[in-house]
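Breakdown of the fold
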Amino acid sequence: TNVTSSSATVNGTVNANGLSTTGWFQYGKSSGSYSSKSSTQSISGTSNTAISIGISGLSAGTTYYYKLVAQNSAGTTNGTEMSFTTTKVSVSPTVTTKAATNVTFSSATLNGTVNANGLSTTVTFKYGKTSGSYDSLTTVQSVSGTSDTTVSGSISGLSAGTTYYYTLVANNSAGYTTGSEMSFTTIHYDGPPVTTKAATNVTSSSATLNGTVNANGLSTTA
């Protein structure tokens with residue numbers, strides 16, 4: 001009973017059969033092998049007497065095997081083996097904010113990793129133009145498992161030549177974690193890059209004028 005992530009109360013009954021008797025529990029992580037011993041309890045009388053002893057210092061999420069042992073002047077008796085499993089420790093997500101990629105004059109991809117630590121976890125990036133103040137969010141994602149999971153969020157509608165600050169945040173039932181702040185600067189943009197090139201097909205009354213234009217992803221006229 002009273003099983004937690006690091007402790008439990010082990011229970012049983014002992015009939016001392018009229019002799020002064022000492023009872024205790026042996027326990028361990030392997031069935032039939034008991035590396036630890038509880039404190040002892042004294043029992044007397046000729047009827048079943050409840051014995052309950054607390055044990056601590058246990059590992060979370062681990063199965064323990066135990067048995068009750070009683071001893072008096074007539075001998076030692078071992079009870080049957082039983083087991084219990086300690087509860088898992090709930091841990092808030094572990095997050096790492098990483099460098100932005102695919103930075104243009106109006107968009108970028110924000111990156112990071114999240115360890116959900118075994119709990120269902122939601123993830124988003126917060127970003128804005130002022131350090132420590134984030135007025136925008138990326139789409140919320142879900143992450144699970146117990147290892148680092150790569151996450152990214154695409155953002156657009158940014159101002160050209162502007163520094164943006166961002167952080168990765170994750171939340172599960174154990175708590176809320178914010179990653180370190182990072183930043184990037186969008187590309188300065190004065191208009192589509194153009195290059196005028198040499199005319200071709202030149203005659204006495206006509207010519208073909210040539211050049212190149214990079215629309216940079218925007219609808220452009222030239």
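Residues numbered from 1 in each chain as written. Predicted model: local features only at pLDDT ≥ 70, side-chain atom pairs only at ≥ 80, totals over all residues. Heavy atoms only, no water.

**Overview of the overall build of the chain**
A count of helices and strands for the chain gives zero helices and 19 strands. Relative to the globule expectation of 17 Å for 222 residues, the C-alpha radius of gyration of the chain, 35 Å, shows a markedly less compact shape. Taking the principal axes of its C-alpha atoms as reference, the chain extends roughly 130 × 35 × 20 Å. Every one of the 222 residues in the chain was classed for burial, and the buried ones make up 30%. Intrachain contacts of the chain at a sequence separation of at least 6 include 61% that bridge at least 24 residues. Of the roughly 12500 Å² that the chain leaves accessible, carbon and sulfur atoms contribute 46%. Within the chain, one finds 8 positive and 5 negative side-chain charges whose respective centroids are separated by 13 Å. (Helix = DSSP H or I, 4+ residues; strand = E, 2+ residues; numbered from the N terminus. Rg over C-alpha atoms; globule rule 2.2 N^0.38 Å. Buried < 20%, exposed > 50% of the residue type's maximum accessible area, 1.4 Å probe, protein only. Contact = heavy atoms within 4.5 Å. Areas by Shrake-Rupley, 256 points an atom, 1.4 Å probe, with all protein chains shown as cover. Lys, Arg positive; Asp, Glu negative; His and termini not counted. Charge placed at Lys NZ, Arg CZ, Asp CG, Glu CD.)

**Focus on the sheet that holds strand β10 (residues 108-115)**
Strands sit in the order β9-β10-β14 across an open sheet of three strands; the sheet is antiparallel. Here the strands that pair on one side only, and so sit at the sheet edges, are β9 (94-101) and β14 (149-155). Across the sheet, the mean angle from the axis of one strand to that of its neighbour is 25°, orientation sign disregarded. As paired strands, β9 and β10 are joined by six bridges and run antiparallel to one another. Residue pairing across strands places Val95 opposite Val114, the latter belonging to β10. (Pairing = 2+ DSSP bridges. Axes fitted to C-alpha atoms, helices over the stretch in contact; angles between N-to-C directions.)

**Regarding the nonpolar core**
With 18 residues, the main nonpolar core has Leu110, Val114 and Phe184 as its most contacted residues. Considering each element in turn, this core owes the most residues, four residues, to strand β15 (residues 163-172). Not counting chain neighbours up to four residues away, the residues in contact with Phe184 comprise Ala100, Val103, Ala108, Leu110, Ile155, Leu158, Thr162, Thr163, Tyr164 and Tyr166. In this structure, Ala16, Phe25, Tyr27 and Ile53 belong to the second largest nonpolar core, which totals 16 residues. (Core = buried A, V, L, I, M, F, W, Y, C linked by side-chain atoms within 4.5 Å.)

**Overview of the side chain of Thr162**
Positionally, Thr162 belongs in the loop between β14 and β15. Here Thr162 falls in the buried class, since its relative accessible area comes to 17%. From its side chain, Thr162 meets the backbone oxygen of Ser159 in a polar contact 3.3 Å long. Sequence-distant contacts of Thr162, defined by excluding residues within four places in its chain, comprise Lys129, Phe184, Thr185 and Thr186. (Polar contact = N/O pair within 3.5 Å; in protein donor to acceptor, adjacent residues only side chain to side chain.)

**As for the packing of aromatic side chains**
Evaluation of the coordinates by the stated rule reveals five aromatic pairs. Between the aromatic rings of Tyr164 and Phe184, the centroid separation amounts to 5.7 Å while the plane-to-plane angle is 15°, which identifies the pairing as stacked. Of the two residues, Tyr164 sits in strand β15 while Phe184 sits in strand β17 (residues 182-185), which places them 20 residues apart along the sequence. Joined through ring pairs, the aromatic side chains of Phe25, Tyr64, Tyr66 and Phe84 make up one cluster. Lying across the ring of Trp24, Lys37 places its NZ or CZ 4.5 Å from the centre. (Phe/Tyr/Trp six-rings, centres within 6.5 Å; stacked < 30°, edge-to-face > 60°. Lys NZ or Arg CZ within 6 Å of the ring centre and 35° of its normal.)

**Details of the environment of Thr138**
Mapped onto the fold, Thr138 is located in the loop between β12 (136-137) and β13 (141-143). Looking at Thr138, the relative accessible area reads 9%, which means it is buried. In the structure, Thr138 is positioned 14 residues away from Thr124 in sequence and 5.7 Å away in space, judged by C-alpha atoms. If near-sequence neighbours (up to four positions away) are discounted, Thr138 is found in contact with Leu110, Thr124, Phe125, Tyr127, Gly153 and Ile155. Looking at Thr138, its side chain comes within polar contact range of the main-chain nitrogen of Phe125, at 2.9 Å.

**So, the side chain of Thr121**
Within the fold, Thr121 resides in strand β11 (residues 121-128). With a relative accessible area of 0%, Thr121 lands in the buried category. Residues within four places of Thr121 in sequence aside, it is in contact with Pro93, Val114, Ala116, Gln141, Ser142, Val143, Ala170, Asn171 and Asn172.

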